[in-house]
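Read off the chains here:
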There are 6 protein chains.
Amino acid sequence: MKPSHILADGTIAMVDVTGKAATARSARARALVRMNDAAQRALRDASLRKGDAFAAAQIAGIMAAKQTSALIPLTHPLPLTGIDVHLEFLADGLLAIDAQAKTTAQTGVEMEAMVAASISALTIYDMAKSVDREIVIESVRLVAKSGGKSSFDATRESSDV
Amino acid sequence: MKPSHILADGTIAMVDVTGKAATARSARARALVRMNDAAQRALRDASLRKGDAFAAAQIAGIMAAKQTSALIPLTHPLPLTGIDVHLEFLADGLLAIDAQAKTTAQTGVEMEAMVAASISALTIYDMAKSVDREIVIESVRLVAKSGGKSSFDATRESSDV
Amino acid sequence: MKPSHILADGTIAMVDVTGKAATARSARARALVRMNDAAQRALRDASLRKGDAFAAAQIAGIMAAKQTSALIPLTHPLPLTGIDVHLEFLADGLLAIDAQAKTTAQTGVEMEAMVAASISALTIYDMAKSVDREIVIESVRLVAKSGGKSSFDATRESSDV
Amino acid sequence: MKPSHILADGTIAMVDVTGKAATARSARARALVRMNDAAQRALRDASLRKGDAFAAAQIAGIMAAKQTSALIPLTHPLPLTGIDVHLEFLADGLLAIDAQAKTTAQTGVEMEAMVAASISALTIYDMAKSVDREIVIESVRLVAKSGGKSSFDATRESSDV
Amino acid sequence: MKPSHILADGTIAMVDVTGKAATARSARARALVRMNDAAQRALRDASLRKGDAFAAAQIAGIMAAKQTSALIPLTHPLPLTGIDVHLEFLADGLLAIDAQAKTTAQTGVEMEAMVAASISALTIYDMAKSVDREIVIESVRLVAKSGGKSSFDATRESSDV
Amino acid sequence: MKPSHILADGTIAMVDVTGKAATARSARARALVRMNDAAQRALRDASLRKGDAFAAAQIAGIMAAKQTSALIPLTHPLPLTGIDVHLEFLADGLLAIDAQAKTTAQTGVEMEAMVAASISALTIYDMAKSVDREIVIESVRLVAKSGGKSSFDATRESSDV
């Protein structure tokens, strides 16, 4: 197993996917944001009543996913065919942000899902940081991917997302 | 304490800072990326020998910081006067990415530092994910801020980064 | 009165504002979107229940305002200090989108307000076009501006929005 | 008929087009800008003599069409295969801006045509607003589309564009 | 004299300008494009008759100057107060593109002028390359700068542009 | 031979490639940067020791290539499948920057390669300009292209890069 973007001499490169066939691919990522009661209440109230706080984070994640190749240096521009971001409190003070990206392309959409989850989490952070200055993005990780050489689904292997 | 971007009726808004004076501000954020030995070796080798892997992540973070207002919906465009990103393995398999943002403006640069750390971490993730598919961004958090109403420095209050 | 961006020989130019003092400025623009009952019901239901349709349009307008200098060739990059977008049905089938932009700068924010209203209206159009294929952006116009040489407020001169 | 981007619970989503076949599609949109004699003269003179005023608006529209997926939250990134913007005075004080977008993709290019027409109109507005402060974008609407489930051509059904 | 962006240990950094005062600054850059007769005729005809070829290159240069901080990793975002691009054939087959950038800021606008000249030249290249496949950007260089520690004006020292 | 973007009446247009088949294409461009000994030493030292100076220029070129359609008005958005940038001193004070772009698309990637080489050269310029104020981009030109109607390889016809 070699890092795909690092050559033998230590220089970096975009992977050349010119010869590969375009296939259907998807990826799911999850970010967890830990916050105090006041922040949760503020977000939940706003989102229950009007939806705007969660909608802002959802839209920021969707729009950022479309900018992935402009943000992460060695990623390929991909024609995203679907991107979905969903926010839900898993437990008191623990907000889960699930992002799913889809494409039919020569390479995968893991980074699109990871970027969507990250930027959506940062948008929540931005809206809640004046209420809870200890708010923290607790993790961002890939949950599942399909298409390409290696598929996996962490939710089947373990319940620890 | 109220969420600065959420109005009483649940709608969201950018904070109007028109009347505020511009003052010097800075913020530091840290992202932690957890990876296995093979990924660490690949990144460390590349970076020791040529610097390119860490340089790619550093540059991606710097460039993303400058796009903060295009990524996070309710942030103000700010004239960043400095942005610095530094990567270092804290322990086996634990990479710390420290981002510091500075400006002289009417509002703070927490989000610029958080975005720099996050996108830098995602760039590391992208380069190492083919070696370690369990790689995870373990946390992204604000470490310190100065300027504006409330300064704090988490590194003085606690050694728990 | 001469067009500020068109020189005597017919070539175009950005206005040089280097010598001007930065002063507080604001501008308000309004877009009107005309749609049928089904589209209005769909948007209103979604927005009453969850807020997401209006929130999407609001956020798209806010984010586009921050991209004004990247979209309109001869505009100056400005440090927006406030941008607000509000959506409301004025009458059956007539949605008003009001955008207000603020800055302290050497030139005005009319275009920022106009861009916010336009992109917000196009986002509504995008969400409603499958329900009402005759939906139309009926107008986009400046409603008021203050700061700079010439202030005006169309709402005081006329009730015709 | 349901709004394609609004789910039953009021949340919004990008339409998943992963399974759809890519087909040839085109769309035409028209914006109308109403201005006074002085503004028309300034624009017409500049454009007759040197072409630059109309060229600026044309190029701004073309470039914005390519940014559609970055501007309108729920649109898909599309490989535009053609985009054309044309400006012409229809009558005294009434400038028509016609934009045509083309692609071979899984979804249509209505929004690309609408964005091109809108940003082109805003560029004209920006160049003429110092001459005519009452200048207004009188309408932006879809004129025709082909490809996909529903084609239509408003110019055949009615002469009222 | 040390490279401002390269630290003693070989890592790179954005220069921290937080403490510096904002002063008026300007810079001029020139790109030269060498092309054959057919390409010159095509561009000159189009530009004489309608202006659009030169206008396209001019606008592309202006818009790119405003994106300098998004393109060149270690540059600061600057509030450009003026940017001007002018194209003129110096001799048969030799097109000069002069870009002048201005700001009041803590650091200079050399890169903004250089980016404007470069992207304007590339736009000419793009329009003429089907007529002259040997077309070449012959040079891009800074011609003059003022403000900041070091001013110079190459046109006074030498006639060799 | 006609300029592909200039119509008979002098107006400009994006070439409509809707009907064309997507084929494999590649292009290589080279920029040369001329600098003094001190600048060369600073860059070479930094790059030998840590790689960061060259890595910064490489990454800036790669990221800019992906923005080609946002920078050059009449270019099509293309799904780049590979982009590679390599820097090497050819002789004392003469740095060569070679960029190679690849895609499978309806039109070529010359501009992507040219943009990558140009922005990479400008990044070197930015890092070295404080050491050598006479530094100049000596040329940017296409070296080879394949795919599409006309292939050529300047390196086979001549050793004059």
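This structure is a prediction, so every number in the text was calculated from the model and none was measured.

**Quick notes on the interface of chain B and chain A**
Part 1 of the reasoning: Taken together, the contact between chain B and chain A spans 51 residues of the former and 51 residues of the latter.
Part 2 of the reasoning: The largest contributions to the chain B side of the interface with chain A come from B:Leu122, B:Asp126 and B:Arg133, which together make up 12% of the buried area.
Part 3 of the reasoning: Remark: the boundary between chain B and chain A carries zero salt bridges.
Part 4 of the reasoning: Linking chain B with chain A are four residue pairs in polar contact (both at pLDDT 80 or more), by the criterion used here.
Part 5 of the reasoning: Those elements giving two or more residues to the side of chain B that touches chain A turn out to be helix H1 (37–49), helix H2 (52–65), helix H4 (110–128) and strand S4 (136–146) of chain B.
Part 6 of the reasoning: Sort the elements by how many residues they give to the side of chain B that touches chain A and H4(B) lands first, with 11 residues.
Part 7 of the reasoning: Classifying every residue of the side of chain B that touches chain A by side-chain character gives 29 nonpolar, 10 polar and 12 charged.
Part 8 of the reasoning: By the bridge criterion, two bridges tie strand S4 (residues 136–146) of chain A to S4(B) in an arrangement that is antiparallel. What sits directly across from A:Val140, in S4(B), is B:Ile137.

**Considerations on the relation of the copies chain F and chain A**
Part 1 of the reasoning: When chain F is fitted onto chain A, the two copies agree to an RMSD of 0.0 Å after a turn of 120 degrees and an axial shift of 0.0 Å. Interpreted geometrically, this transformation is the action of a three-fold axis. The rotation axis passes nearest to the C-alpha of F:Pro79 in chain F, at a distance of 4.5 Å.

**A look at the interface of chain F and chain A**
Part 1 of the reasoning: Taken together, the contacts link 16 residues of chain F with 17 residues of chain A.
Part 2 of the reasoning: Per-residue buried area on chain F facing chain A is highest for F:Met63, F:Lys66 and F:Thr81; these three make up 42% of the total on that side.
Part 3 of the reasoning: Taken together, the links from chain F to chain A amount to one salt bridge.
Part 4 of the reasoning: Close ionic contact of F:Lys102 with A:Asp16 constitutes a salt bridge, the shortest N to O distance being 2.5 Å.
Part 5 of the reasoning: At the boundary of chain F and chain A, one finds nine residue pairs in polar contact (both at pLDDT 80 or more).

**Some remarks on the packing of aromatic side chains**
Two aromatic rings, taken as a pair, are described by how far apart their centres are and by the angle between their planes.
Residues and elements named next belong to chain A.
Part 1 of the reasoning: Under the counting rule described, the total for this entry stands at six aromatic pairs over all chains.
Part 2 of the reasoning: Seen from their ring centres, Phe-54 and Phe-89 are 6.2 Å apart, and the 40 degrees between their planes marks the pair as tilted. Here Phe-89 lies in strand S2 (residues 80–91) and Phe-54 lies in helix H2 (residues 52–65), a separation of 35 residues in the sequence.

**A closer look at the relation of the copies chain B and chain A**
Part 1 of the reasoning: Between chain B and chain A, the superposition needs a rotation of 180 degrees and an axial shift of 0.0 Å, giving an RMSD of 0.0 Å. Here the symmetry operator amounts to a two-fold rotation axis. The rotation axis passes nearest to the C-alpha of B:Ser139 in chain B, at a distance of 2.5 Å.
Part 2 of the reasoning: When the interface residues of chain B are mapped onto chain A, 100% of them again lie at the interface, so the same face is used by both copies.

**What to know about the confidence of the model for chain A**
Residues and elements named next belong to chain A.
Part 1 of the reasoning: For chain A, mean pLDDT is 89; residues scoring 70 or higher make up 91% of the total.
Part 2 of the reasoning: For chain A, the element scoring lowest by mean pLDDT is helix H5 (residues 154–157), at 61; helix H3 (residues 68–71) scores highest, at 98.
Part 3 of the reasoning: Below pLDDT 50 for its whole length, residues 157–161 participates in seven contacts with residues either more than four positions away or in separate chains.
Part 4 of the reasoning: For this predicted complex, the interface score ipTM comes out at 0.92, while the overall pTM is 0.94.

Here is what the cut-offs are and how they apply
- Residues numbered from 1 in each chain as written.
- Chains lettered and ligands numbered in written order.
- Predicted model: local features only at pLDDT ≥ 70, side-chain atom pairs only at ≥ 80, totals over all residues.
- Heavy atoms only, no water.
- Contact = heavy atoms within 4.5 Å.
- Buried area = accessible area lost by both parts, 1.4 Å probe.
- Salt bridge = Lys/Arg side-chain N within 4 Å of Asp/Glu carboxyl O.
- Polar contact = N/O pair within 3.5 Å; in protein donor to acceptor, adjacent residues only side chain to side chain.
- Helix = DSSP H or I, 4+ residues; strand = E, 2+ residues; numbered from the N terminus.
- Nonpolar A, V, L, I, M, F, W, Y, C, P; charged D, E, K, R; others polar.
- Pairing = 2+ DSSP bridges.
- Least-squares fit on C-alpha atoms with pLDDT ≥ 70 in both.
- Phe/Tyr/Trp six-rings, centres within 6.5 Å; stacked < 30°, edge-to-face > 60°.
- pLDDT = per-residue confidence, 0-100.

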